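Spelled out from the first residue to the last, the chains are:
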Amino acid sequence: MKKIRKRPIILFFIAVIALYVIIYIVPKVTGALVSSYTATYGELKICDETDGWLVRNEQVYTAGSGGSINRYIKADTLIRKGTSVMEISGGSGEDDEVDSAYTELLSRLGSSAVETENYTAEEGGIVCYYADGYEGKLTPETMEKGGLSYYSKVTQDAVTDLKRDTAVKGEPLFKIVDRTRWYLVCFVEERSAERYEDRMDVKSVEKMDGKARIILETDYYYSGFARTRTAKVSLITYENRGLIVENGSITEEKGQKGVYVKVRSGNFVFVPIEIYKSNEEYSLVADGTYYDDKGELISTVEIYDEVLRDPN
């Protein structure tokens, strides 16, 4: 009876030893379960995904009198200086209160608002029927004074639709936006700052509070830009196609970077590489051959080579 009781315990230990051999010993001897991938062509992109704030030269016009609104110009239309945008007729009591929907907007605008009774544009630009009150605060002249803490308080939620059928004296009606030049303010990790410093259309790069503030300048026009204050943006500083390898597969031998490539024998051998560009996950490398610092032609990884994923 004692032998029968011991048999399950012996079988259990035999099973554990067998599993250990299968999981740890066999792969090392046979090369099974070695993780690898095939090198292929692809696109390498280096970018920062972040929030962007649009800064423009823009003026908000408020009603000089109340009444019914009759608009002449559609939104996003480019007009000349002196163009009549709308008319207000029918009159309204001088004591009518401004709609509460515009209270904060008007408070932010302050003295920058342009009160009008003829409803014509004092400057040419794009007609827009949206405003948020930052038109007089966040300008090309003031945009470099604010850090991330300031810009984080400026949200798209504050943008208010100004289209309605009637207006009261003092209420915002429309705005005119200069489309010839506008700016995008973004904040990226401080280590990314150097990627922007020598690029065209970058007005300024400044490190502050552990971040880098990037201000981009452009004359690009797209429908709706006049009513957009903030949006998710992708800042691309490099984009190219070529042979791609995983960064985790790159190692170094005698000061030379390279990867391990599988040869006909089934073994993996070290192959030197020339790295053109890298992002956080992948590197764009020379394909087939490259010239080293001494001008010697070096054979390197090629498309469809099987590369060891983790050589370290």
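Data block above holds the structure.
Before going into details, it helps to say that this report is about the structure given with it. (Residues numbered from 1 in each chain as written. Predicted model: local features only at pLDDT ≥ 70, side-chain atom pairs only at ≥ 80, totals over all residues. Heavy atoms only, no water.)

1. Description of the sheet that holds strand β7 (residues 114–116)
Put simply, the test is: Should DSSP find at least two bridges between two strands, the strands are taken to pair. By the criteria applied, helices consist of DSSP H or I runs no shorter than four residues and strands consist of E runs no shorter than two, each listed in order from the N terminus.
Strand order in the open sheet formed by five strands is β5-β8-β12-β3-β7, and the pairing between neighbours is mixed. In the strand order of this sheet, the two ends are held by β5 (78–79) and β7, each with one partner. Pairing geometry for strand β8 (residues 125–128) and strand β12 (residues 172–177), over three bridges, is antiparallel. Bridge assignment links isoleucine 126 to a residue of β12, and that residue is valine 177.

2. Re the sheet that holds strand β15 (residues 211–218)
In sheet architecture, strand pairing relies on hydrogen bonds along the backbone and comes in two forms, parallel and antiparallel. So the rule is basically this: Every angle, taken between N-to-C directions, lies between 0 and 180 degrees, and every axis is a line fitted to C-alpha atoms, over only the stretch in contact when it is a helix.
Spatial ordering of the open sheet is given by β14-β15-β13-β2-β16-β21-β20, a layout of seven strands whose pairing is antiparallel. Across the chains shown, the open sheet's two edge strands, defined by having one partner strand only, are β14 (202–208) and β20 (275–278). Going across the sheet, the axis of each strand differs from the next one's by a mean of 30 degrees, ignoring polarity. Of the pairings in the sheet, the one linking strand β13 (residues 182–189) to β15 comprises eight bridges and is antiparallel in character. Paired with valine 188 across the bridge in β15 is alanine 212.

3. What about the environment of valine 269?
Rule in force here: The criterion used for residue contact is that any of the two residues' heavy atoms lie within 4.5 Å.
Mapped onto the elements of the fold, valine 269 is located in strand β19 (residues 268–272). The spacing of valine 269 and valine 259 is 10 residues in sequence and 8.1 Å in space, taken between C-alpha atoms. If near-sequence neighbours (up to four positions away) are discounted, valine 269 is found in contact with Val259, Tyr260, Val261 and Val263.

4. Structural notes on the nonpolar core
Applicable threshold: Remark: nonpolar core denotes a set of buried residues (Ala, Val, Leu, Ile, Met, Phe, Trp, Tyr, Cys) joined through side-chain atoms within 4.5 Å. When a residue's accessible area, from a 1.4 Å probe over protein chains only, is under 20% of the maximum for its type it is buried; when over 50% it is exposed; and in between it is partly exposed.
With 18 residues, the main nonpolar core has Ile214 and Leu235 as its most contacted residues. If you list the elements that add at least two residues to this core, you get β8, β13, β15 and β16 (230–246). In this view, leucine 235 contacts Ile46, Cys47, Asp48, Thr50, Cys186, Val188, Tyr196 and Leu216; residues no more than four positions away in its chain are not counted. With 17 residues, the next largest nonpolar core counts Val114, Tyr119, Ala121 and Ala167 among its residues.

5. Quick look at the pairing of β14
Pairing of β14 with β15 involves six bridges; the strand directions are antiparallel. Note on β15: the bridge partner recorded for valine 202 is leucine 216. In this antiparallel pair of consecutive strands, β14 and β15, the connection spans two residues, and aspartate 209 shows a positive phi of 55 degrees.

6. A word on unusual backbone geometry
Excluding glycine, residues mostly carry a negative phi; peptide bonds, for their part, are mostly trans. Positive phi is not limited to glycine here, since aspartate 209 has a value of about 55 degrees. Tracing the backbone through its elements, the reader meets aspartate 209 in the loop between β14 and β15. The residue tyrosine 304 is not glycine, and still its phi comes out positive at about 75 degrees. Take tyrosine 304: it is sitting in the loop between β23 (297–299) and β24 (306–308). When its relative accessible area of 63% is taken as the criterion, tyrosine 304 is described as exposed.

7. Some points on the packing of aromatic side chains
To keep things clear, this is the line we draw: The criterion for an aromatic pair is that two Phe, Tyr or Trp rings (for Trp, the six-membered ring) have centres within 6.5 Å, with stacked assigned to planes under 30 degrees apart, edge-to-face to planes over 60 apart and tilted to the rest. Charge over a ring is defined by NZ of Lys or CZ of Arg lying within 6 Å of the ring centre and within 35 degrees of the ring normal.
Scanning the model with the defined rule gives 11 aromatic pairs in all. Relative to tyrosine 222, the ring of tyrosine 220 lies with its centre 6.4 Å away and its plane at 25 degrees, an arrangement referred to as stacked. For tyrosine 220, a relative accessible area of 54% puts it in the exposed group. Taking relative accessible area as the criterion, tyrosine 222 reaches 28% and is therefore assigned partly exposed. Here a set of aromatic residues connected by ring pairs shows up, and it is made of Trp182, Tyr220, Tyr221, Tyr222 and Phe225. Here arginine 71 stacks its cationic end above the ring of tyrosine 129, 5.4 Å away from the centre of that ring. Here the guanidinium or amino end of lysine 277 rests over the ring plane of tyrosine 238, the centre of that ring lying 5.5 Å away.

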